[in-house]
Number of protein chains: 4
Amino acid sequence: MFDFRTDLANERRDMYKKANNLEDEIPGIEAEERNNGRYVKVTKVKITTDEGAEILGKPVGNYVTIDIKLFNVAGEAEIQTAAETMAEELKRLINNFSPNKEDVLVVGLGNANVTPDALGSKVVSKIDVTRHWFTYMPEFTDEHTRPVSAIAPGVLGTTGIETLEILKGVVDNVKPKLLIVIDALASKSIERISSTIQISDTGIIPGAGVGNTRKELSQNTLGIPVIAIGVPTVVEAAVVAADGLDFFIDKMQQEGKSNDYLNQLKEEDKYQIMKEVLLPGDYNFIVTPKEIDELIINMTSVIARGINMSL
Amino acid sequence: MFDFRTDLANERRDMYKKANNLEDEIPGIEAEERNNGRYVKVTKVKITTDEGAEILGKPVGNYVTIDIKLFNVAGEAEIQTAAETMAEELKRLINNFSPNKEDVLVVGLGNANVTPDALGSKVVSKIDVTRHWFTYMPEFTDEHTRPVSAIAPGVLGTTGIETLEILKGVVDNVKPKLLIVIDALASKSIERISSTIQISDTGIIPGAGVGNTRKELSQNTLGIPVIAIGVPTVVEAAVVAADGLDFFIDKMQQEGKSNDYLNQLKEEDKYQIMKEVLLPGDYNFIVTPKEIDELIINMTSVIARGINMSL
Amino acid sequence: MFDFRTDLANERRDMYKKANNLEDEIPGIEAEERNNGRYVKVTKVKITTDEGAEILGKPVGNYVTIDIKLFNVAGEAEIQTAAETMAEELKRLINNFSPNKEDVLVVGLGNANVTPDALGSKVVSKIDVTRHWFTYMPEFTDEHTRPVSAIAPGVLGTTGIETLEILKGVVDNVKPKLLIVIDALASKSIERISSTIQISDTGIIPGAGVGNTRKELSQNTLGIPVIAIGVPTVVEAAVVAADGLDFFIDKMQQEGKSNDYLNQLKEEDKYQIMKEVLLPGDYNFIVTPKEIDELIINMTSVIARGINMSL
Amino acid sequence: MFDFRTDLANERRDMYKKANNLEDEIPGIEAEERNNGRYVKVTKVKITTDEGAEILGKPVGNYVTIDIKLFNVAGEAEIQTAAETMAEELKRLINNFSPNKEDVLVVGLGNANVTPDALGSKVVSKIDVTRHWFTYMPEFTDEHTRPVSAIAPGVLGTTGIETLEILKGVVDNVKPKLLIVIDALASKSIERISSTIQISDTGIIPGAGVGNTRKELSQNTLGIPVIAIGVPTVVEAAVVAADGLDFFIDKMQQEGKSNDYLNQLKEEDKYQIMKEVLLPGDYNFIVTPKEIDELIINMTSVIARGINMSL
C-alpha cells in the first residue's frame, strides 16, 4: 500500500492520483465535491470495490468530509449552514441502513473533563432522545417518531472498561439497528484543526488519533452498522513542526539555500523525523488551539443540530 | 405495615418503637450508634429476620447512616474524618460479599448537568480505576490489587434508556462481582439535606426520591450484590411546608391557640396535606440549598475518598 | 408606611389598593399591564410624586415587571419573545437617560461559583462590548455605535471589597453615563422563582434579597443613573412554609376546621412567624429549584439578548 | 542590547554569559540556584544596578523562577512542595515592601471562559480574603491579620475596559499597599509550558505573551509595588516549529547533512523565520497542551496555596 499519512479518504485519493499522475478516477473510487455557500465545502469519496479499498487502504464505504472555513470566528448563520449541510449528508447515510425509522443509538466518545476530548459527551447532552417516550409518553409518539437514545460511555482511563465492552452490553440490551458515534480526533495537518467534520459509514477506532488505540467499533464487532462522525481537535507537536519544516524547505528552495538532502526530504513525510527529534526531550506534546473552549461549543452545536435534524 | 414517611431504616426503627412504647429492641432488628469526633455520627440498623423486615418495611440487610454536622461549613479536616468513617463502614459491607479482591464496578447515577443530581457522576470521575491495568499495565498490579471500574450511565431523560438496561449490559460484559451505586436522593425532612450519607447492601431504586421511580438495581435484577450509597440533596416544597407546619402547631399548642383538628394533625404526617394544597398552583417545587455547588464538591470528596480507601 | 412584604412595586400597589378598598388609582401612581403572546406579561408602575413614593415605600421612578409563564419548559421561541419584550422596555428606560449613544457600563453582580447567584456574571460574558473598538478598531465604529463596557465585580465574600467601592473606582476611570446592573434576588413568594424579571431605574441594593445587605448602587452613591435588572432565583424556607400555611388555612376554612387565631392570621403575613419557628433548628435555609442550572442558562439568554438588542 | 528571545531573567543571564564567554558573574547581577527535592528547582536572579538592567534588558529588581518537573503527573505531595517553595520565595519579596501586615490586593488576570487563560481568575476564587472582616467580623481579626482582598477584572475583549483603568479605580478606592498579580503567559520554548512559575517584583504587562500587549501594571502606573506571578500556559505554533527545526538541524549536523546556511541558522533564533513561513496560511496558532484542564487545576492549587501561606 501507498504510505499515506492522512486518515481522510479524500486526501488519500488526492495523494494517490498525484503520485501516479492519474487524470482519470482511480478504479473502484467515485468522488465529488461541492460548496455550500462561501464557508462550507463538502467532499465525498465512495469506495465501491475491493480494488479501490486496497488502493486507499480503507474499507468499502462512504467517506464525507465537511470543511468549514474560518470556523474560529463562525457566527450563528455559519453554524446553522454547517449543521444543515451535515444533516443532509448524514441523512443519506442513515437512509442506506435504516430507511424506516428504526431504533438509533447515538454514542459520544471521549473524556468530558478534558476540553478538547469533550465533544462527544457534549453532543450527547444535546441529542433529542425519544426512545423512552414509547414507554412513558406514548401520546407524544406516532409512526413518524424514530426511537433515539444516546449515551456517553467515558474513556478507558476513567472507567477501566473498554468502550467496546460497554457498547456491546448496551447494544445487546437496547437493540438499536444503527449506531452513530461521535469522537474527537487527532489532526494530521495544522489546517484541519477544529474546522473539519468527517462522516463515514465504516466504523471508528476510538482514540486512534492520539496514540491510545482501542478496539474498533464497527459492524464487525457490534453486529450493527456504525456511522462515525469525527472532528480533529488536537494535533501532535511533531505535526506542527513537520508542517513548519515543509514550509521552511519551500522557502529555502525558493531562495536557493536548500541542499540535496532537504530537496529529497521535501518529497517525503517529515512527521516521522520530527517525532524522532522531539521524543528524546519528551517534547512531542499533543496540543490544541487556545480557543478550544469556544471551538468545542460551536462544533457541538453543529453536530448536535445536524444529528437532530437528520433523525 | 406502619405508615413510615422516611426511607431511613434508623428513623423507621425510632418511629416504630415510639409508637409502640417499646423499651426493648424490635424483634429481628439489631442497632447501634456511635460518634466519631464532634461532627460525625454513625447509626447502624441490621434487619436480621423476615419478621424485622416486615415490621420496618425494608429487606433483610444492613443500613448505615452517617450524619455530618455543619457540613455546609466543613473544612478539609471534617471531610477527611467523614471519608474515613465512611471507608470503615463501607469496607465492612464489601467484605461480606467480596473478601478476596474480586472485581468491583462503581456506578454513579444522576444527571451531570443538574448540580444537585451530579453527585454520582462527579464521584465516578474521582474513583481510582485499576481494572484496565491488568491488561495494559500489568506491572502496576499484584495480588493485592482489586480490579475497580467505574461508570456514569446518565439518566433516562437524557439517554432514553433505563439505567437497569445499561447496567445489565455492562455487568454481563464486564462481569464484576459487586456493584457500588451512588445516587442523590430526595430528603424526607429539612434537616437531612446534604448532611447525611446512607449506605445499605440491599440495592437502590434510582430516582425514587424525586417521583421518577425507575427499575430497582439489586441482586434480584442484576444477579450480583448491590451496595447503595445515597445522599439527600433535594427536598420537595411540601416537605419544607410540612416541617414548618409541624413547628407552627408546636408553637400554637404552647401558646394555647391550637384546636382539636390541629392537635390531631400534630400526631400525623403533614406531608400529604401540604402536597395537596401546593399542587393546584403547581408550587410543589423540588428545591435544593443555595450552597448546593459547594455541598456537592465537598460530598464528592467524602464519598470518592471513602470508596477509594475501602477498595 | 403600610407593611409590604414584597419588593415588587406592582404587588405593593395591589396590596395597598385592596387593603384600602380603592377603585381608582393611588395618587402619584400610574400603572398599566399588557400581555405579549400567551407566555409573557408586562406590568408597569410609575411613581410620579413624593406622595406616591411614600405610599409604596419606593423612590419616584419606573418599575417594570416581566412575567414569563412556564419558563422552566421555555424553548427558543419563548426565550426570544421574552428577550424582545425586555429589550423594548429597557430601551425606553435607557432613552430617558441617554438618548444619544453615550457610554454605558453593564455590571453583573453575584458569585460566579454559586449557580443561583451566577446570573449577573454569566450575562456579562455574553454582552457585546464595543468600548475598546473606539481605540483599537475604530474602523468598526460609526456614529451609531454606542460604547458598551461590562464588568463582573464579584461579591464581598470572595473579594473582600464592597461592590460599591469597586464600581466607584471603575466609574471614576471609565466615566460611563449610565449603569445597567444585573442581580439575582430572593423571591418573596414561591410563584415568582425564576420566572420574573424586574427592571427599575432607581438603583439596587446588592444582596438585599438574601439578608446580606450591601451599600446601595444608585445615582446617589455613584453619580450616574442606575438601571437595575433583578431576577428572583432563590427563596427562604420560611417563605415556602408561609405560602404553604396560607394555602393550608384556606383549606381549613373551607372545611370548617379553622379557629379565630388562624382566621386572623390568614389576613396577616405568615413569613415572620415561620421564620421564628424555623430559626431555632437552623432550618431557615435559602433554597433554589432543582432545575436552577437550566433556568439560569435560559434567563441569561433572555437578559443578555435583551440588553444587546436595546443598546 | 543583546537580542534575547526569552522573557526569563535567568535564561537571559545564561545566554549573555555564553555569548560573551564569561566565567564570572555579569556586573550588576547576582544569581543563585537551589533544588527543593527531586522535582522543584528555584533560580533567582537579582538585577542590582542600572548597568545590569541594561545588559539583561529588564528593570532593577528580583526575578525568581520555580521549575516543577513532571508537573503533568504531579500528585498531592508535589503540589504541596511546590506551593511551599513558592510561599517561601513570595514571602521574601512581600516583606521587602510590606513587612507590617499592610493591605494587599491579589489580582487574577485573564479570561475565565478560556481554559488556558483562566488561571488568574481561578486562583482569585481560592484566596482567603480577610479585608472585609475588619468591618463585618472584627472579632476574627487581631494584630496578626493582614487585610487581603482579591479581584478578577476580566480581559479587554470581554469588558471593553483596559485592565489598568479598572485597577487604577480599585486601587484608588481600596488603597492597598501592594499588588500581587497572577497571569497566564505565552511560553518562549516548548519545555516551559505549564511547569514554570515566574515571580518578579517589577510589574507585568498583561497579555504580552500572546501578542495583545496592554498597558503595564507596575509602580509607575499604579503608584504601589506590583509583584507579578506568571505561568506559561500557551505557546505559538512558530515556537514549536522553531524548537523542532533546532533539534532537526542538530541531527543534520551530526549526520553530516547540513549546509552553511543551516549551520549559521543554528546559531540564531529560528522563531522569526518560522513565524514568517506559517503566517501566510494563517497557521501560526496559539496552542496549549491537551491536558490543560488538569494542569490549570493543579497550578491553581500551587499558586493559591502559595499566596495564602505567604500572607
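Conventions adopted
Residues numbered from 1 in each chain as written. Chains lettered and ligands numbered in written order. Predicted model: local features only at pLDDT ≥ 70, side-chain atom pairs only at ≥ 80, totals over all residues. Heavy atoms only, no water. Helix = DSSP H or I, 4+ residues; strand = E, 2+ residues; numbered from the N terminus. Areas by Shrake-Rupley, 256 points an atom, 1.4 Å probe, with all protein chains shown as cover. Lys, Arg positive; Asp, Glu negative; His and termini not counted. Charge placed at Lys NZ, Arg CZ, Asp CG, Glu CD. Least-squares fit on C-alpha atoms with pLDDT ≥ 70 in both. Contact = heavy atoms within 4.5 Å. Buried area = accessible area lost by both parts, 1.4 Å probe. Salt bridge = Lys/Arg side-chain N within 4 Å of Asp/Glu carboxyl O. Polar contact = N/O pair within 3.5 Å; in protein donor to acceptor, adjacent residues only side chain to side chain. Axes fitted to C-alpha atoms, helices over the stretch in contact; angles between N-to-C directions. Parallel < 35°, antiparallel > 145°, perpendicular 65-115°, else oblique. Left-handed = near helix turned anticlockwise from the far one by under 90°. Nonpolar A, V, L, I, M, F, W, Y, C, P; charged D, E, K, R; others polar. Buried < 20%, exposed > 50% of the residue type's maximum accessible area, 1.4 Å probe, protein only. Pairing = 2+ DSSP bridges. pLDDT = per-residue confidence, 0-100. Arc of directions from axis to C-beta. Phe/Tyr/Trp six-rings, centres within 6.5 Å; stacked < 30°, edge-to-face > 60°. Expected span 1.5 Å × (residues − 1).

Some thoughts on the overall build of chain A
Here is step 1: When you go through chain A residue by residue, the secondary structure sums to twelve helices and nine strands.
Here is step 2: With the principal axes as the frame, chain A shows a C-alpha extent of 75 × 45 × 40 Å.
Here is step 3: Only carbon and sulfur atoms are counted for the fraction: they give 46% of the accessible area of chain A, which is about 13,000 Å².
Here is step 4: Distance between charge centres in chain A, computed from 33 positive and 47 negative side chains, equals 2 Å.

Some words on the relation of the copies chain C and chain D
Here is step 1: The two copies are related by a screw operation: chain C maps onto chain D through 180° of rotation and 0.0 Å of translation along the axis, at an RMSD of 0.1 Å. Such a combination of turn and shift is consistent with a two-fold rotation axis. Minimal C-alpha separation from the rotation axis in chain C is found for C:Gly169, amounting to 1.8 Å.

Side note on the interface of chain C and chain D
Here is step 1: Contact with chain C, which involves 27 residues of that partner, is made by 27 residues of chain D.
Here is step 2: For the chain C and chain D pair, buried surface summed over both sides reaches about 2,100 Å², with 54% attributable to carbon and sulfur atoms.
Here is step 3: For the interface between chain C and chain D, the tally reads two salt bridges.
Here is step 4: Taken together, the links from chain C to chain D amount to eight residue pairs in polar contact (both at pLDDT 80 or more).

Comments concerning the arrangement of the chains
Here is step 1: The least C-alpha distance between chain A and chain C, which are not in contact, is 13 Å.
Here is step 2: Chain B shows no contact with chain D. Their nearest C-alpha atoms sit 13 Å apart.

A word on the packing of helix α7 (residues 163-174) of chain A against helix α7 (residues 163-174) of chain B
Here is step 1: At a minimum axis distance of 7 Å, the contact between α7(A) and α7(B) shows a crossing angle of 125°. The pairing of α7(A) with α7(B) is recorded here as oblique in orientation. When you trace α7(A) past α7(B), the crossing you get is right-handed. Side by side, α7(A) and α7(B) meet where A:Glu165, A:Ile166, A:Lys168, A:Gly169, A:Val170 and A:Asn173 of the first sit next to B:Glu165, B:Ile166, B:Lys168, B:Gly169, B:Val170 and B:Asn173 of the second.
Here is step 2: Among the residues making up the contact of α7(A) with α7(B), the classes are represented as four nonpolar, four polar and four charged.

Considering the interface of chain B and chain C
Here is step 1: Each partner contributes to the interface: chain B provides 38 residues, whereas chain C provides 38 residues.
Here is step 2: Taken together, the two surfaces of chain B and chain C that pack against each other cover about 3,500 Å², and 74% of this comes from carbon and sulfur.
Here is step 3: The largest contributions to the chain B side of the interface with chain C come from B:Phe248, B:Tyr283 and B:Lys290, which together make up 19% of the buried area.
Here is step 4: For the interface between chain B and chain C, the tally reads two salt bridges.

Overview of the pairing of strand β7 (residues 196-200) of chain C
Residues and elements named next belong to chain C.
Here is step 1: In terms of burial, β7 is a largely internal element, five of the five residues being buried.
Here is step 2: Residues Thr196, Gln198 and Ser200 of β7 are buried on one face, and the alternating residues Ile197 and Ile199, pointing to the opposite face, are buried as well.
Here is step 3: Here strand β3 (residues 61-68) runs beside β7; their pairing, made up of five bridges, is antiparallel. Its bridge partner lying in β7, Ile66 is registered against Ile197.
Here is step 4: As judged from the three bridges shared by β7 and strand β8 (residues 226-236), these two strands associate in the antiparallel manner. Bridge assignment links Ile199 to a residue of β8, and that residue is Ile229.

Comments concerning the confidence of the model for chain A
All names here are of chain A.
Here is step 1: For chain A, the mean per-residue pLDDT works out to 90, and 96% of the residues sit at or above 70.
Here is step 2: For chain A, the element scoring lowest by mean pLDDT is helix α1 (residues 9-19), at 86; strand β4 (residues 104-108) scores highest, at 98.
Here is step 3: Interface confidence for the predicted complex, expressed as ipTM, amounts to 0.90; the pTM equals 0.93.

Focus: unusual backbone geometry
Here is step 1: Positive phi values are uncommon outside glycine, yet B:Asn21 reaches one of about 50°.
Here is step 2: Among the structural elements, B:Asn21 can be located in the loop between α1 (9-19) and β1 (29-36).
Here is step 3: If you check the backbone angles, D:Lys101 has positive phi at about 60° while not being a glycine.
Here is step 4: Tracing the backbone shows D:Lys101 in the loop between α3 (76-97) and β4 (104-108).
Here is step 5: Overall, the relative accessible area of 33% leaves D:Lys101 in the partly exposed class.

Details of the pattern of salt bridges
Here is step 1: One pass over the structure, following the stated rule, counts 72 salt bridges over all chains.
Here is step 2: Put simply, C:Lys266 and C:Asp250 hold a salt bridge, and the shortest N to O gap is 3.3 Å. Here C:Lys266 is found in helix α10 (residues 260-266), whereas its partner C:Asp250 is found in helix α9 (residues 237-254), with 16 residues between them in sequence.
Here is step 3: You can call C:Lys266 buried: its relative accessible area is 18%.
Here is step 4: Assessed through its relative accessible area of 26%, C:Asp250 is described here as partly exposed.
Here is step 5: As a salt-bridge pair, D:Lys251 and D:Glu255 come within 3.0 Å of each other at their nearest N and O atoms.
Here is step 6: Note on D:Glu255: relative accessible area 37%, which makes it partly exposed.
Here is step 7: Residues participating in the shared-partner salt-bridge network are A:Arg34, A:Lys44, A:Glu88, A:Glu89 and A:Arg92.

So, α1(B)
All names here are of chain B.
Here is step 1: Turning to α1, its buried residues number three or more, namely Ala9, Asn10, Arg12, Arg13, Tyr16 and Lys17. Along α1, the residues classed as buried sweep out an arc of 155° about the axis, all on the same side.
Here is step 2: Those residues of α1 hidden inside the fold are in contact with β1, β2 (40-47), α2 (50-56) and β3 (61-68).
Here is step 3: Downstream of α1 by one or two residues, Asn21 has phi in the positive range, about 50°.

Observations regarding the packing of helix α11 (residues 271-278) of chain A against helix α9 (residues 237-254) of chain D
Here is step 1: Orientation of α11(A) relative to α9(D), taken along the N-to-C sense of each, is 90°, at an axis distance of 9 Å. With respect to each other, α11(A) and α9(D) are oriented roughly perpendicular. Here α11(A) contributes A:Ile273, A:Met274, A:Glu276, A:Val277 and A:Leu278 to the contact with α9(D), which in turn contributes D:Gly244, D:Leu245, D:Phe247, D:Phe248 and D:Lys251.
Here is step 2: Residues belonging to the contact of α11(A) with α9(D) are distributed by class as follows: seven nonpolar, one polar and two charged.

Things to note about the packing of aromatic side chains
All names here are of chain C.
Here is step 1: Throughout the structure, instances matching the rule amount to eight aromatic pairs over all chains.
Here is step 2: With a centroid separation of 5.9 Å and an interplanar angle of 55°, the aromatic rings of Trp133 and Phe140 are classed as tilted.
Here is step 3: Given the relative accessible area of 51%, Phe140 is considered exposed.

A closer look at the pairing of strand β2 (residues 40-47) of chain D
Residues and elements named next belong to chain D.
Here is step 1: For β2, the tally of buried residues reaches six of eight residues, placing the bulk of the element in the interior.
Here is step 2: Note that strand β1 (residues 29-36) and β2 share eight bridges and pair antiparallel. Each residue of the ladder has a partner; that of Glu33, found in β2, is Thr43.
Here is step 3: With antiparallel pairing between neighbouring strands as the criterion, β1 and β2 make up a hairpin whose turn holds three residues, including Gly37 at a positive phi of roughly 75°.
Here is step 4: Here β2 runs beside strand β3 (residues 61-68); their pairing, made up of eight bridges, is antiparallel.

Quick word on the side chain of C:Arg13
Here is step 1: Relative to the elements of secondary structure, C:Arg13 occurs in helix α1 (residues 9-19).
Here is step 2: Taking relative accessible area as the criterion, C:Arg13 reaches 14% and is therefore assigned buried.

Describing helix α12 (residues 292-310) of chain A
One full turn of an α-helix is made of 3.6 residues, so residues set three or four places apart face in the same direction.
Here is step 1: Over its 19 residues, α12(A) extends 26 Å from the first C-alpha to the last, a length consistent with the 27 Å expected when each residue adds 1.5 Å.
Here is step 2: With 14 of its 19 residues buried, α12(A) lies for the most part within the structure.

A look at the side chain of D:Lys58
Here is step 1: The residue D:Lys58 is located in the loop between α2 (50-56) and β3 in this model.
Here is step 2: Beyond its immediate stretch of four places on either side in the chain, D:Lys58 contacts D:Asp7, D:Ala9, D:Arg12, D:Ile47, D:Ala53 and D:Tyr63.

A word on the environment of B:Ile205
Residues and elements named next belong to chain B.
Here is step 1: Considering the arrangement of structural elements, one finds Ile205 in the loop between β7 (196-200) and α8 (219-222).
Here is step 2: The class for Ile205 is partly exposed, based on a relative accessible area of 35%.
Here is step 3: The sequence separation of Ile205 and Ile297 amounts to 92 residues, and the corresponding C-alpha distance is 24 Å.

What about the environment of B:Ile303?
Residue and element names in this part refer to chain B.
Here is step 1: Within the secondary structure, Ile303 is located in helix α12 (residues 292-310).
Here is step 2: Classification of Ile303 by relative accessible area gives buried; the value is 0%.
Here is step 3: When the C-alpha atoms of Ile303 and Pro116 are compared, they prove to be 15 Å apart, with 187 residues separating the residues in sequence.
Here is step 4: Those residues in contact with Ile303 that lie beyond four places of it in its chain are Met86, Leu119, Val123, Ile182, Ile197, Ile229 and Val231.

A short note on the environment of D:Val42
Residue and element names in this part refer to chain D.
Here is step 1: Residue placement: Val42 occurs in strand β2.
Here is step 2: Spatially, the C-alpha atom of Val42 lies 4.6 Å from that of Ile66, the residues being 24 residues apart in sequence.
Here is step 3: Ignoring any residue separated from it by four or fewer positions in sequence, one finds Val42 in contact with Glu32, Glu33, Arg34, Val64, Thr65, Ile66, Thr85 and Glu89.

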